[in-house]
Amino acid sequence: MIPELGQFALIIALFVTLVQSVVPLVGAVRGDRAWMEVARPAALAQFALMATAFGALMSCYVTSDFSVLNVVQNSHTDKPMLYKISGVWGNHEGSMLLWVLILSIYGMAVSVFGGNLPPGLRARALSVQAMIAFGFLLFILLTSNPFTRVDPAPLNGDGLNPLLQDPGLAFHPPFLYLGYVGFSMAFSFAIAALMEGRVDAAWARWVRPWTLVAWCALTLGIAMGSWWAYYTLGWGGWWYWDPVENASFMPWLSGTALLHSSIVVEKRDTLKAWTILLAIVTFSLSLLGTFLVRSGVLTSVHSFAADPARGVFVLALLVVVTGGSLILFAVRGPSLKGGGLFTPLSREGALLLNNVLMSTAAGTVLLGTLYPLFADALDLGKVSVGPPFFNAVFIPLMVPMAVTMAVAPLLSWKRGDLAGVFGRLKLGIVATVVVVVATWLLKGGDAGPLWAAFGLGLATWLFVGAVMEWADRVRLFRVPFSETLERLVRLPRSAYGMTLAHAGVAVVIAGITGSAAWTVEKIQVMHPGDVVTVSGYDLRLDGTEDGIVGPNYMALRAHFSVTRDGKPVTDLYPEKRMYRQPPRPTTDAAIHTNFIGDLYAVIGDADGTGGYVTRLYFNPLVPWIFIGAVIMVIGGLVSLTDRRYRVGAPLRTARASVAKGRV
């Protein structure tokens, strides 16, 4: 009965989205307020129906209802409850249901909290949201029904991929989808603005919080996925430029550019067409990621499905959404004239430069990701594009971007004074030079540490620049302390958020630099009693214990005692697990961190003589990568609390008409 309830909820939701797609849009064209207001209750109804469907599927998983094919294929009675729940979205059908549920949550949020939106803009935006939901609901019902029954029902299920049975992977997809789908809100506002032919400061201020929510969620989702790969896959790395990793990174890059360009629209009434285009491209890249995961064209640990019919359906949705929106942009975009003029040497110019660099970086990652697919489709042979290509083309684009990030906030709008900015950044220049020279002297003069010294210098430049910009805003040490405190209280929260986000990027850059330049890896066969020295730490294999029973797996556990200069540091217990259903081995690395670096141990296969293959690493500054990502998210959340995003911005046209009426 519960699966049928979920099925009916999906069918009714399909018709609700159809009504929401058409009626409010027609009402907006005709100026009929009653028809436009249909969008709000329809969005609420869509959310209620999707929540019902998702709750029904979760109930089937929690109760191990093996009369549902999706549960049979992805669950098992021995699974811990956390993974029964996360198994709901750990498969293609359930993940698509979560995708549309999150889409309905955003629509519901706009209908509830969008009271200050113009009725026409709100109606059009919710109508576009419903069109997207209609396409994906049709996709679910026709090709990916999560409630398909199986008769007779088996006594047990096939289980969930053991790689997904991890706390990090339990929460990684929902945050990733909150980001992917969240950009649909910016897309919907962009299409609504194109339909109306009006983009102004008020529009930018309405779009920015939704973009911020999506950006924060996607940042956290990417960081969680990277952390999972780091400690679960056992290869010691945190990023491999996997095609599906790239699929999440591309909308993050373009979404970051969108955040910054919307500031220019709000403050200076310019870059309107560019901002609209970025909104379209960002959501299109999110859809591309959905296609890559579900088309079967890629082989990856992230891939959900390999059914060509599903891939063709998602590709058709991608073509319709992206193609239709770009055609609309080509027709209506030229009418979006910017009102604010600025010189290249200004805050607008610096933001535009970083926009171009981030967009170029996203395009470069897109090219490297899709080129092997095009080469294979055109019968040009198998081509592999890996980390060497991405590192060679991506890093040179990010260096000037990071340099500009420290300078841009200190430049004036319209026309800036570069000499004055560098005068205020004297401390940043000195700190950068000190870090570069000190790193080079401490780590040696060969080519590797030389570029690493510049990497740490770049991180220092950006971090000190962010702090100096904040200090400049509050006039720290330049006015009486009482006045500084007053400025601190009055400073908009978005300014604090920007400082935190930029500082977080600096911490990430430092972490990437350290892990890339100074990681130490040792692979060997060890017998009990053997000692291996890694970066000054002595790791002794004290022994192994086989046959350890987990909830749904058996494990071999090794014990390493770690000392430094003869003094105990910690004990590490890496495991090699064999899951029962499905029968598949996994690696569980043991990590000891002091937040400057990680000791990382992995136990491998037995060599037949009583020894085991072991992989031992010291990964310097890797924790900074994840700490920096969290700081970035906190910065975004602090910006979201800014009162301006709750009040909105007054329409310039409205002010002008009122003034004209008074005259």
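Residues numbered from 1 in each chain as written. Predicted model: local features only at pLDDT ≥ 70, side-chain atom pairs only at ≥ 80, totals over all residues. Heavy atoms only, no water.

## Overview of the overall build of the protein
Piece 1. Looking only at helices and strands, the protein features 22 helices and ten strands.
Piece 2. With the C-alpha coordinates of the protein rotated into their principal frame, the extents come out at 95 × 75 × 55 Å.
Piece 3. Counting only residues that meet the buried cut, the protein has 55% of its 663 residues in that class.
Piece 4. Intrachain contacts of the protein at a sequence separation of at least 6 include 74% that bridge at least 24 residues.
Piece 5. Here the protein holds 48 positive side-chain charges and 39 negative ones, and the gap between their average locations is 16 Å. (Helix = DSSP H or I, 4+ residues; strand = E, 2+ residues; numbered from the N terminus. Buried < 20%, exposed > 50% of the residue type's maximum accessible area, 1.4 Å probe, protein only. Contact = heavy atoms within 4.5 Å. Lys, Arg positive; Asp, Glu negative; His and termini not counted. Charge placed at Lys NZ, Arg CZ, Asp CG, Glu CD.)

## A closer look at the domain arrangement of the protein
Piece 1. With domains assigned, the protein is organised as domain 1 (1-165), domain 2 (171-413) and domain 3 (520-623).
Piece 2. Relative to domain 3, the C-alpha centre of domain 1 lies at a distance of 43 Å.
Piece 3. Counting residues at the interface gives twelve residues for domain 1, matched by eight residues for domain 3.
Piece 4. Buried area between domain 1 and domain 3, summed over both chains or domains, comes out near 770 Å², and the portion from carbon and sulfur atoms is 56%.
Piece 5. Considering only the surface of domain 1 that becomes buried against domain 3, Asp 78, Pro 162 and Gln 165 emerge as the three largest contributors, covering 52% of it.
Piece 6. Here domain 1 and domain 3 share zero salt bridges between them.
Piece 7. Our count for the domain 1 to domain 3 interface comes out at two residue pairs in polar contact (both at pLDDT 80 or more).
Piece 8. Here the residues of the side of domain 1 that touches domain 3 are counted per class, giving four nonpolar, five polar and three charged. (Domains from an automatic or database assignment. Buried area = accessible area lost by both parts, 1.4 Å probe. Salt bridge = Lys/Arg side-chain N within 4 Å of Asp/Glu carboxyl O. Polar contact = N/O pair within 3.5 Å; in protein donor to acceptor, adjacent residues only side chain to side chain. Nonpolar A, V, L, I, M, F, W, Y, C, P; charged D, E, K, R; others polar.)

## Some details on the nonpolar core
Piece 1. The biggest cluster of nonpolar side chains holds 147 residues, and the ones touching the most others in it are Leu 10, Leu 97, Trp 99, Phe 136, Phe 189, Trp 203 and Ile 276.
Piece 2. In terms of residues, this core owes the most to one element, helix H8 (residues 167-196), which gives 14 residues.
Piece 3. Excluding anything up to four places from it in sequence, Leu 97 contacts Leu 10, Met 50, Ala 53, Phe 54, Leu 57, Ile 140, Pro 146 and Phe 147.
Piece 4. Tyr 537, Leu 539, Val 562 and Phe 618 belong to the second largest nonpolar core, which has 18 residues in total. (Core = buried A, V, L, I, M, F, W, Y, C linked by side-chain atoms within 4.5 Å.)

## Topic: the packing of aromatic side chains
Piece 1. Tallying each qualifying case throughout the model produces 24 aromatic pairs.
Piece 2. Between Trp 239 and Phe 249, the ring centres sit 5.7 Å apart and the planes meet at 70 degrees, which makes this aromatic pair edge-to-face. With Trp 239 in the loop between helix H9 (201-232) and helix H10 (243-268) and Phe 249 in helix H10, this pair connects stretches of sequence that are ten residues apart. The exposure classification of Trp 239 matches that of Phe 249, with both residues buried. (Phe/Tyr/Trp six-rings, centres within 6.5 Å; stacked < 30°, edge-to-face > 60°.)

## Quick look at the pairing of strand E7 (residues 583-588)
Piece 1. The pairing of strand E6 (residues 575-580) with E7 spans six bridges and is antiparallel. In the sheet register, Glu 575 faces E7, and the bridge partner there is Asp 588.
Piece 2. Once E6 ends, the chain turns through two residues before running back antiparallel as E7. (Pairing = 2+ DSSP bridges.)

## With respect to the environment of Gly 120
Piece 1. Here Gly 120 lies in helix H7 (residues 119-143).
Piece 2. Taking the C-alpha atoms as reference, Gly 120 lies 25 Å from Leu 101; in sequence the two are 19 residues apart.
Piece 3. Setting aside anything within four residues of it in sequence, one finds Gly 120 in contact with Ala 28, Met 36 and Glu 196.

## Here we look at the confidence of the model for the protein
Piece 1. For the protein, per-residue confidence averages 89 on the pLDDT scale, and residues scoring 70 or more make up 94% of the total.
Piece 2. When pLDDT is averaged over each element of the protein, helix H3 (residues 39-62) comes out on top at 97 and helix H22 (residues 652-662) at the bottom at 38.
Piece 3. Of the regions scoring below 50 in pLDDT, residues 649-663 engages in 14 contacts with residues more than four places distant in sequence or in other chains. (pLDDT = per-residue confidence, 0-100.)

## What to know about the sheet that holds strand E1 (residues 520-526)
Piece 1. Taken together, four strands build an open sheet; the order of strands is E1-E10-E9-E8 and the sheet is antiparallel. Lying at the two open borders of the sheet, with one neighbouring strand each, are E1 and strand E8 (590-593). Within this sheet the neighbouring strands show an average axis-to-axis angle of 15 degrees, counted without direction.
Piece 2. Judged from the eight bridges that link them, strand E9 (residues 597-606) and strand E10 (residues 612-620) form a sheet pairing that is antiparallel. Note that in E10 the partner of Ile 603 across the bridge is Thr 614. (Axes fitted to C-alpha atoms, helices over the stretch in contact; angles between N-to-C directions.)

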